[in-house]
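Fold and contact review
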Amino acid sequence: MDKRQAIGSWLSGPRAAAEDAGVDFGYRGEQLGLPESGPGSIARPGRRLGALAVDWGLCLLIAYGLLTDGYNQATSNWALLLFFALHVLTVGTVGFTPGKRLFGLKVVDESTGTVNPLRVLLRTVLLCLAIPALVWDRDGRGLHDRLARTVEVRI
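First things first, this report covers the structure right here in the doc. As the structure is a prediction and not an experimental result, all values here were calculated from the model.

Cut-offs and rules
One numbering rule holds for all chains: residues counted from 1, following each sequence as written. Local features are withheld for residues below a pLDDT of 70 in this predicted model, meaning they are given only at 70 or higher, and side-chain atom pairs are given and counted only at 80 or more; totals for whole chains, interfaces and linings count all residues. The side-chain numbers reported here are obtained from all heavy atoms of the structure, hydrogens and water having been left aside. Helix and strand assignments follow DSSP, with helices taken as H or I runs no shorter than four residues and strands as E runs no shorter than two, numbered in order from the N terminus. Note on definitions: a residue-residue contact is assigned when non-hydrogen atoms from the two residues lie within 4.5 Å. His is not counted, nor are the chain ends; Lys and Arg add positive charge and Asp and Glu add negative charge. In this description, the location of a charge corresponds to atom NZ of lysine, CZ of arginine, CG of aspartate or CD of glutamate. Relative accessibility thresholds used throughout: buried, under 20% of the residue-type maximum; exposed, over 50%; partly exposed, between the two (1.4 Å probe, protein chains only). Only strands joined by at least two bridges in the DSSP assignment are considered to pair.

**Things to note about the overall build of the chain**
Looking only at helices and strands, one finds eight helices and two strands in the chain. In the chain, the order of α-helices and β-strands from amino to carboxyl end is α-α-α-α-α-β-α-α-α-β. Its C-alpha atoms give the chain principal-axis dimensions of about 65 × 35 × 25 Å. Long-range contacts, defined here as pairs at least 24 residues apart, represent 60% of the contacts in the chain between residues at least 6 apart. Within the chain, the 14 negative side-chain charges are centred at a point lying 2 Å from the centre of the 17 positive side-chain charges.

**Examining the pairing of strand β1 (residues 105-109)**
Across the five residues that make up β1, a large majority, four, are buried. Here β1 runs beside strand β2 (residues 150-154); their pairing, made up of five bridges, is antiparallel. Bridge assignment links Val-108 to a residue of β2, and that residue is Val-151.

**Some remarks on the side chain of Arg-48**
For Arg-48, the location among the structural elements is in helix α3 (residues 45-67). Since its relative accessible area comes to 9%, Arg-48 is described here as buried. For Arg-48, the residues in contact, after removing those within four places along its chain, are Ala-43, Leu-105, Arg-123, Gly-140, Arg-141, Gly-142, His-144, Asp-145 and Glu-152.

Structure follows, in structure tokens:
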């Protein structure tokens, strides 16, 4: 291996280097028994972030328009509280928020395929902390999903 290959493997990351060496990682969701694409497959990050942006924007709009006098720190605090309530109530009952529905996503239990309100509560608390949602596994699930044993799938 010359220096260019060594630097190239370092820049592309350990996964690319392992794939070049012949390691087969499979597709996202394969370990969970989910299909590779279509309904029931793992939601891609773009859709998840889009749904999150819609839900946050909706909560921020409600907090700004109905609860506070202009945009200040109280608006953000109210928006976070509304975001928490929105997720617990909607994901805990029907499995999706307005943003998730708009992007064709649903949260389900990884083993039963239904929604457990206590797991949704844990998932939402961790989501509001933000750091667990930024740590992902090889299937694309956030730490908040892994700890709550849920998975976000396409409808």
